[in-house]
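Here's the letter readout for the chains.
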Amino acid sequence: MEKFVVRGGNKLFGEIEIQSAKNSVLPLIAASIIYEGKTYIEDCPKIYDVLVMMKIIEKLGGKAYFDKNTLVLDTEGVNDWNLPEDMTKEIRASLFTVGALLSRFGYASISAPGGCNIGSRPIDIHIDCLKDLGVNVYEGESFSFSKKTNNGGITKLRYKSVGATENAIMASVKSNGVTVIENVAKEPEIVDLQNYLNAIGGKISGAGSDRIVIEGVKKFNGKEVRFKPVKDRIEVGTFILAGAVCGGELRFKGESFENSSALIKIIEHNACKIYSKNGKIECVKFDGQTHGYGFVSVDPYPSFPTDLQPQLVAAASFSDGLTVVVDNVFKRRFGYTEQLKKTGADIAVYDNACVINGGKKLSSAEMIAGDLRGGAALIIQALGICGESTISGVRHIDRGYDGIEEKLHLLGADIHRIYY
């Protein structure tokens, strides 16, 4: 068992090494199944979800290991399309392998995917778009997929689902003819997937827009490829919101301004100043009490991301004013607020809306992380409170942050991982 012990009240100063994006790396690991060669993912975080995806690759017959900070995936020997139930129930990212296995074998079988408890996350959008593209789907205790044709096609997602967009791309990359996917998710991680598949010989265009076009290919290039994913905009946002609570000055190594623009619009000029150059964030200076963040609507990219919603709620509890957050992506993603309220935070949840009346006196508390981003919110809460707080359920936080306590400690935070 592990927990974080946090003695809050310290300001944060220093430079942060931001990891490659979790939400990019996981679908890239799945996509490597299509390649039948070696993939080197550079600057890959050693987070729990990555380790589980590596085990899935190995269970399917491939090899996966770290060479320093580079993840090496050798998928030439992958010979099975049945995903192991125990692992697929651990992380939702296992669902990404369906499209990849369909491209390689024409078949895939998977148990209902797991992941964070953040409300209902059905896979019907995945199923509907795959059916549009000529895939038979058999639903029972598990899900079985088989291609009835390998021709191109057209599908329009009824919602801009990131996972469904990625599955449709991977399922279509080796189809005959042209596939068109409309009303797609636009996240930077979708662009990464396109760029990786194109680097191995795919012909995909349109990622980052509403419409993606895939010209099917029969063979890929060479036997190895190196790829460096985009930096993790959610980790960037987590540290910026921690700085808003703690104060101080944070320096970055040129992380994309555009990828974090939704957060920057809310937080810039609200007791902080963000310095950028050539479209990259260089420095964020925090200079006092923040005001309430007003009305924040959580929607698909490029709007404010649901993966930063809990961290924003935590930061808002320290602000001088009112914040209303409406999550239109995961409408039941406010379970973590019960833990924040242990500190005295004035938070009320109404369906998919959360109202935070900031400026209340907050006290240290014993809190339990029940999911990844909710756990990050608890850390932010503890960092801003003078006194000793504890956070258990650390394994949830480890799913998305590679040594978050070590990075915060280097910035001056008093936070330690305790084994008990």
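As a reminder, the structure under discussion sits directly above these lines.
Caption draft 1: Looking closely at the overall build of the chain. Looking only at helices and strands, the chain has 14 helices and 23 strands in total. Taken over the C-alpha trace, the chain has a radius of gyration of 21 Å; the compact-globule value for 420 residues is 22 Å, and the two agree within 12%. With respect to the principal axes defined by its C-alpha atoms, the chain has extents near 60 × 45 × 40 Å. For the chain, the proportion of its 420 residues judged to be buried stands at 58%. By sequence separation, contacts in the chain at least 24 residues apart represent 72% of the contacts at least 6 residues apart. Summed over all atoms, the accessible surface of the chain reaches about 16500 Å², with 47% contributed by carbon and sulfur. Here the chain contributes 50 positively and 51 negatively charged side chains, and the mean placements of these two sets differ by 2 Å.

Caption draft 2: A nonpolar patch on the surface, seen in detail. Among the surface-exposed residues, Met1, Ile418 and Tyr420 lie close enough to one another that they form a single nonpolar patch of about 350 Å² accessible area. Turning to its location among the elements, Met1 is positioned in the segment before strand E1 (2–8).

Caption draft 3: View of the packing of helix H1 (residues 22–35) against helix H4 (residues 97–105). One can describe the packing of H1 onto H4 by two numbers: an axis separation of 8 Å at closest approach and a directional angle of 5°. Of the possible angle classes, the one that applies to H1 and H4 is roughly parallel. Residue-level contacts link Ala30, Ala31, Ile33 and Ile34 of H1 to Thr97, Ala100, Leu101, Ser103 and Arg104 of H4. Of the residues assigned to the contact of H1 with H4, the class counts are six nonpolar, two polar and one charged.

Caption draft 4: A look at the pattern of salt bridges. Inspection of every chain in the model, using the stated rule, returns 25 salt bridges. Ionic pairing is found between Arg417 and Glu2, a salt bridge with its closest N-O pair at 2.5 Å. Taken together, the residues span a long stretch of sequence, with Arg417 in strand E23 (residues 414–419) and Glu2 in strand E1 at a distance of 415 residues. Arg417 gets classed as buried once you look at its relative accessible area, which sits at 18%. Overall, the relative accessible area of 29% leaves Glu2 in the partly exposed class. For the salt bridge of Asp210 with Lys186, the shortest nitrogen-to-oxygen distance reads 3.1 Å. Linking Asp210 in the loop between strand E11 (203–205) and strand E12 (211–215) with Lys186 in the loop between strand E10 (178–182) and helix H7 (188–199), this pair joins segments that are 24 residues apart in sequence.

What counts and how
Residues numbered from 1 in each chain as written. Predicted model: local features only at pLDDT ≥ 70, side-chain atom pairs only at ≥ 80, totals over all residues. Heavy atoms only, no water. Helix = DSSP H or I, 4+ residues; strand = E, 2+ residues; numbered from the N terminus. Rg over C-alpha atoms; globule rule 2.2 N^0.38 Å. Buried < 20%, exposed > 50% of the residue type's maximum accessible area, 1.4 Å probe, protein only. Contact = heavy atoms within 4.5 Å. Areas by Shrake-Rupley, 256 points an atom, 1.4 Å probe, with all protein chains shown as cover. Lys, Arg positive; Asp, Glu negative; His and termini not counted. Charge placed at Lys NZ, Arg CZ, Asp CG, Glu CD. Patch = residues over 30% accessible without salt bridge, like charges linked within 9 Å, V, L, I, M, F, W, Y side chains within 5 Å. Salt bridge = Lys/Arg side-chain N within 4 Å of Asp/Glu carboxyl O. Axes fitted to C-alpha atoms, helices over the stretch in contact; angles between N-to-C directions. Parallel < 35°, antiparallel > 145°, perpendicular 65-115°, else oblique. Nonpolar A, V, L, I, M, F, W, Y, C, P; charged D, E, K, R; others polar.

By themselves, these are just geometric observations and shouldn't be taken as functional.
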